[in-house]
Amino acid sequence: MWVNYLDNRTAQKNNWLKIIGKSLLFMVLLFMLLLYIMPLFTINDKRPYQMYEAFYNERKDSVDAVIIGASNSYASWQSAIGWGDYGIAVSMLAFPNLMPQAIRYCIEEARKTQPNALYIINVNNFKSTEIRYNRIHYLADFMPFSSTKCKLINVLCDAGNIRMADRIEFFIPIIRFHSAWDSFTSESYSLQSNGLKGGSDYSLFLETSVDVSSEYYYTDESVPLDDNQEAILTELMDYCEANNVKVLFVAVPQAGNQESIVGQFNTIETIVKKRGFDFVNLLNVDEIGIDYTRDYYNEKHMNVHGSLKYCVYFGKYLVDKYGFADKRGDSMYLSWDYAYEKYSAMLQEYCIAPEITHDVTDRFDKIAEISTAVFYEDYAVLEWDMIAEAEGYDIFRKSDMDDEKTWTYVGTVEDGSLLYTDYGLRKKVIYTYTVVPYVYENGKKEYGYYNWEGVSGETIPNKVR
Amino acid sequence: MTFVSTEFLAFIAVTTILYYLVGHKYQWLVLLFASLFFYYSNSKWLLLVNTATGLITYIIGRLIENNNLKGKNLLESHDDFTAQEKKKVKEKTKRGSRRILTCGIVIVLGILVFLKYHNFFAGNANKILKVFGVKIPKHSLLLPIGISFYTLQALAYMIDVYRGKIAADRNPLKFMLFMSYFPQIVQGPIARYNQLADQLYQGHSFDYDRICKGMQLMMWGFVQKSMIADRLAIPVNQVFYHYRDYHGGIVFLSVLLYGLQVYTDFSGGMDIARGFSQMIGIEMDMNFRQPYFARSVEEFWRRWHITLGSWMRDYVFYPLSISKPFAKMGKITRKLFGSRVGSRIPPFISMFIVYTLVGFWHGAEWKFVAYGFWNGMFIMMGILLEDKYNLFRDKLKIDKDSYGWIVFQTVRTFIIVGFGRFFSRARGLRAALFMIRAVFVDFSDLSFITDGSLVELGLSNANWILLIFLLEILFIVDYLHYKDVHIRETIAKQHVIFRWTLYFAVIIAILVFGMYGPGYNASSFLYEQF
């Protein structure tokens, strides 16, 4: 009888083990499958993915600084260009409409791998304390699971009075974004790092220029923060102080500033300086060379041309103030070399060459505009308006052919002529030209403004008789 | 907390774990607390209406039983009673029980009528009373979830106790569980006490296979509800909200799609409820048996919402048919129209009343009354014209068992029932009539299928293709059930790799293609509103 009883017990135990084992295996396989498909169903804008990828791919304790802020952070600073110009490794954790409540947790997350970096906090979005679902998704969808992520989501949800049950979509974004399946493209399946260190490559940034000069506003007056903003700022400073975080608060140049926003920058400056933190207000710094008639794609965001000027100024500011070493040539920073090469090559399609863009002289009274462009079977004739004081003109070309997508130098005119004929073209191809005026300064060409959109036309398929 | 939500999944996971952890004796308590929690999370303090109805029903049940017992005891303690005295005691007891029952019915039904139908009656009465300058005030009342379902359950319970078919429940808390059991509270099935109560009260041991099968049924429920019904809801809502903008072809298509929507919605919800119940060892009544394979409207109603149909049969149709007034009416009609026709009139009237009530049960609007009329009318016509119809078929030399004839009958029934749904789904009676008119007057051609009009109904091309694919699967599954193939058992016999691949595919499909989550708001059930 005892033998039977023990046999039964053993059989029962084995049965239970089998059930538990089977269930666990099923759950693990299902979990793995879900992990595989989940990234497909995240917020449609994949910039945060690139931002996180770039950040987490850095070696531990290897970057000089980390910029934390909203979209005007990545519209102004390009890490790859900063590296190319000064050899400084300044990373970014910047997200569309980053709410100030999240900054403290972004620093906490970043400090897990970059504990000794300088944290540059962009204060331009400090007024956007309103919690919105998509803003949380921008932050959370690509952040790896951790206690920081949980805290971040819960703090934001508490601030936005989001129900506990509704918070799950920030941990499992497929709950909100699963319907995206019918708008998938082949790119959706191949989400991978572009190696640009979070560099902006969206078309609005690259291709748009809007005159925002009438929106520009500056004041020395201070406008007080509201209680919520003050509490957020105090908590942020407390955290930084308690953890010995090196911080620089920065206000990036932008137009479209209401009086209250610009006034609040001054208040923030007073508060943070009182606590011993650095602050720099770049809103009214002429040396950057921002041209509000051309260098923005909307009132709050620089375009590529404004951004390149900003990088030159701000990179130098960081080097001068914090003494960051030039690390170019260091074999540990090859990914930065690659990012610079790739990003500057990409920019050539839009700005001829980055070095031309940010070394422009404002000596000329206007930009060079092509007035006539006539296209024949295998050549094109260009004419442009004279620029006073210009000593010559460089002519650049690109086309719709795959191997000519970026601007290529095709020739120079120095004899006072305003005419250039470009030979050797292919039939039925759309070519785009632009003319860049220059003067010689200490034997080196100094370029003036040019029309980066250029003038386009198509060569004819057959000879006209 | 709707069935199609992460909260519900978490809720049933916790409930199932607790159910098996506490041991047999307390399992019913877990279900009671879970049911009250579920009810509260959906209806907040309207839970009290459910509780009050349950309590009243419990007390009425006990009073009836006590009264019956009192009579019985009186008879047993007085052996010396004459036959006449015994009859008198029995009659008195019955009269007393009937009074208590009537009281119970008036209160329980009164709650439903007041909450659900007050405004309807007041609105219609005011049209007449306007002449006298009298106005009955309307109230903006919230309906407790499942009131139409649990009220019928309560009525059936009291009547069954009165009829002596069941013993009254002795435990008020257990009875509360019967009245509020959460899987069935949203949209049925309308359970009978003798079929469900014992299952709820007794303990169930953990059974791995049963849990797997329950989960499979739930998954199929989610496929129907979340992938098919809520996807169909998009074009259906578009057309029914803007019915004047569409020509007859699209209107006709939309009502057929609505027929599929309401089926997959209702049946999906039912499978989720039944699946969960199976996981904890409770077998709930079937509410559907492939209704769209029915070959007549009458058969359709035997396959559609079966528990409502059987409730109406047992508690309205039969009592009416054998009631004294109907017996008297039968005599008169036989005298007037002869026995063949005359004997059919009383049951027809009962049937007509039943279907009007079925329509009215769905909602307090004339369009639902019309919906009931429509179905009742076709059922009666089917019975009345059956002989002529068969004669006509025989003259055309059509084999009644031929495949073509069966398909014809099935499609014909689907369309007749579908047309009836104009009444239940349209915004009002006038809108329903407008839409029916559009189908007959404004049906120009079928070009809307290919000219891109369908995409303008809110579903992308990819979604239409997916929908067609899902409807094909639904058809195959229903057909296999119709042919008595046990799909889950067939799957269980397959190799583990096949089975698990299938399960993973279905889970991922629900996650990706389901219309759930914050991007959608169609996750409440259609029958929840009734």
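Further up the page is the structure itself.
Not measured: the values here are computed from a predicted model.

(A) Main features of the interface of chain B and chain A. The partner chain A presents 23 residues to the 23 residues of chain B that form the contact. Buried surface at the junction of chain B and chain A, both sides included, amounts to about 2100 Å², of which 78% is carbon and sulfur. In terms of surface lost to chain A, no three residues of chain B exceed B:Y208, B:W500 and B:F504, which account for 28% of the buried area on that side. At the junction of chain B and chain A, the tally comes to one salt bridge. Viewed at the interface, chain A and chain B are joined by six residue pairs in polar contact (both at pLDDT 80 or more). Where the side of chain B that touches chain A is concerned, the elements lending two or more residues are helix 1 (6-21), helix 9 (208-241), helix 19 (461-482) and helix 21 (496-513) of chain B. By residue number, the principal contributor to the side of chain B that touches chain A is helix 21 of chain B, which donates eight residues. When its residues are assigned to classes, the side of chain B that touches chain A shows 16 nonpolar, five polar and two charged.

(B) Region of the structure containing a nonpolar patch on the surface. All names here are of chain B. A grouping of V14, I17, L18, L21, V22 and Y26 is seen on the molecular surface, where their side chains present a nonpolar patch of about 570 Å² in accessible area. Looking at where V14 falls in the secondary structure, it is placed in helix 1. Assessed through its relative accessible area of 49%, V14 is described here as partly exposed.

(C) Representation of the sheet that holds strand 12 (residues 419-422) of chain A within the structure. Residue and element names in this part refer to chain A. Pairing is antiparallel across the open sheet formed by three strands, whose spatial order is 8-9-12. Looking at strand neighbours, the two that pair on one side only are strand 8 (370-375) and strand 12, the edges of this open sheet. If you compare each strand with its neighbour and ignore which way they point, the axes differ by 15° on average. As paired elements, strand 9 (residues 380-384) and strand 12 share four bridges and run antiparallel to each other. Residue pairing across strands places V381 opposite T421, the latter belonging to strand 12.

(D) Broad picture of the sheet that holds strand 1 (residues 65-69) of chain A. Residues and elements named next belong to chain A. What the five strands build is an open sheet, ordered 2-1-3-4-5; its pairing is parallel. Lying at the two open borders of the sheet, with one neighbouring strand each, are strand 2 (90-94) and strand 5 (278-281). With direction set aside, neighbouring strand axes in the sheet form an average angle of 20°. By the bridge criterion, four bridges tie strand 4 (residues 246-251) to strand 5 in an arrangement that is parallel.

(E) Broad picture of the nonpolar core. A:F249 and A:F314 are the most contacted members of the largest nonpolar core, which totals 276 residues. When residues in this core are grouped by element, the largest group, 16 residues, is from helix 10 (residues 248-279) of chain B. When near neighbours in sequence (up to four residues on either side) are disregarded, A:F314 contacts A:I67, A:W77, A:I120, A:L248, A:V250 and A:L282. If you look at the next biggest cluster of nonpolar residues, it comprises 18 residues, including A:L382, A:L425, A:Y433 and A:V435.

(F) Structural detail: helix 2 (residues 27-43) of chain B. Residue and element names in this part refer to chain B. Between the first and last C-alpha of helix 2 there are 24 Å, a value that for 17 residues agrees with the 24 Å anticipated at 1.5 Å per step. If you check which residues of helix 2 are buried, you get Q27, W28, V30, L31, L32, A34, S35, F38, Y39 and S43. Of the surrounding elements, those touching the buried residues of helix 2 are helix 1, helix 3 (47-77), helix 5 (147-163), helix 6 (172-180), helix 7 (182-185) and helix 8 (193-201). Looking one or two places after helix 2, you find K44, whose phi comes out positive at around 50°.

(G) Quick look at the packing of aromatic side chains. Under the defined criterion, the tally for this structure stands at 86 aromatic pairs over all chains. For the pair B:Y20 and B:F206, a centre-to-centre distance of 5.3 Å together with 80° between the ring planes defines the contact as edge-to-face. Separated by 186 residues along the polypeptide, B:Y20 in helix 1 and B:F206 in the loop between helix 8 and helix 9 bring together distant segments of the chain. By relative accessible area, B:F206 is classed as partly exposed at 35%. In this structure an aromatic cluster arises from ring pairing among B:Y263, B:F266, B:F288, B:Y292, B:F300, B:W301, B:W304, B:Y355, B:Y371 and B:F414. The side chain of A:K398 reaches across the aromatic face of A:Y350, ending 5.8 Å from its centre.

Reading guide: rules and limits
Residue positions are given per chain, counting from 1 as you read along its sequence in written order. Each chain takes a letter, starting from A, and each ligand takes a number, starting from 1, following the order in which they are written. With pLDDT at 70 or above as the cut-off, local features in this predicted model cover only qualifying residues; side-chain atom pairs require 80 or more to be listed or tallied, and sums for whole chains, interfaces and linings still use all residues. Calculation of side-chain values draws on the structure's entire complement of heavy atoms; hydrogens and water are dropped beforehand. Whether two residues are in contact is decided by their heavy atoms: any pair within 4.5 Å suffices. Once two parts are put together, the accessible area they lose, assessed with a 1.4 Å probe and summed over both, is termed the buried area. Each salt bridge in this description consists of a side-chain nitrogen of Lys or Arg and a carboxyl oxygen of Asp or Glu lying within 4 Å of one another. N or O atoms closer than or at 3.5 Å make up a polar contact, with two conditions inside protein: a donor-capable atom paired with an acceptor-capable one, and, for residues adjacent in sequence, both atoms drawn from side chains. Secondary structure elements are taken from DSSP: a helix is a run of H or I of four residues or more, a strand is a run of E of two residues or more, and numbering for both begins at the N terminus. Ten residues, namely Ala, Val, Leu, Ile, Met, Phe, Trp, Tyr, Cys and Pro, are considered nonpolar, four, namely Asp, Glu, Lys and Arg, are considered charged, and the remaining ones, Gly among them, are considered polar. Patch membership requires over 30% relative accessible area and the absence of a salt bridge. Like charges are linked within 9 Å, and nonpolar side chains (Val, Leu, Ile, Met, Phe, Trp, Tyr) within 5 Å. Every accessible area reported is derived by Shrake-Rupley at a probe size of 1.4 Å, with residue values counting cover from the shown protein chains alone. Whether a residue is buried, partly exposed or exposed follows from its accessible area with a 1.4 Å probe, protein chains only, as a fraction of its type maximum: under 20%, in between, or over 50%, in that order. DSSP calls a pair of strands paired once it identifies at least 2 bridges connecting them. Fitting a line to C-alpha atoms yields each axis, with helices limited to the stretch in contact; the angle taken between N-to-C directions then spans 0 to 180 degrees. Side-chain atoms within 4.5 Å are what join buried Ala, Val, Leu, Ile, Met, Phe, Trp, Tyr and Cys residues into a set we call a nonpolar core. Residue count minus one, scaled by 1.5 Å, sets the expected span of a helix. For this analysis, a ring pair means two rings from Phe, Tyr or Trp (six-membered ring only for Trp) whose centres lie within 6.5 Å, classed as stacked if their planes differ by under 30 degrees, edge-to-face if by over 60, and tilted for the remaining angles. Definition used: whenever NZ (Lys) or CZ (Arg) falls within 6 Å of the ring centre and also within 35 degrees of the ring normal, the charge is taken to sit over that ring.

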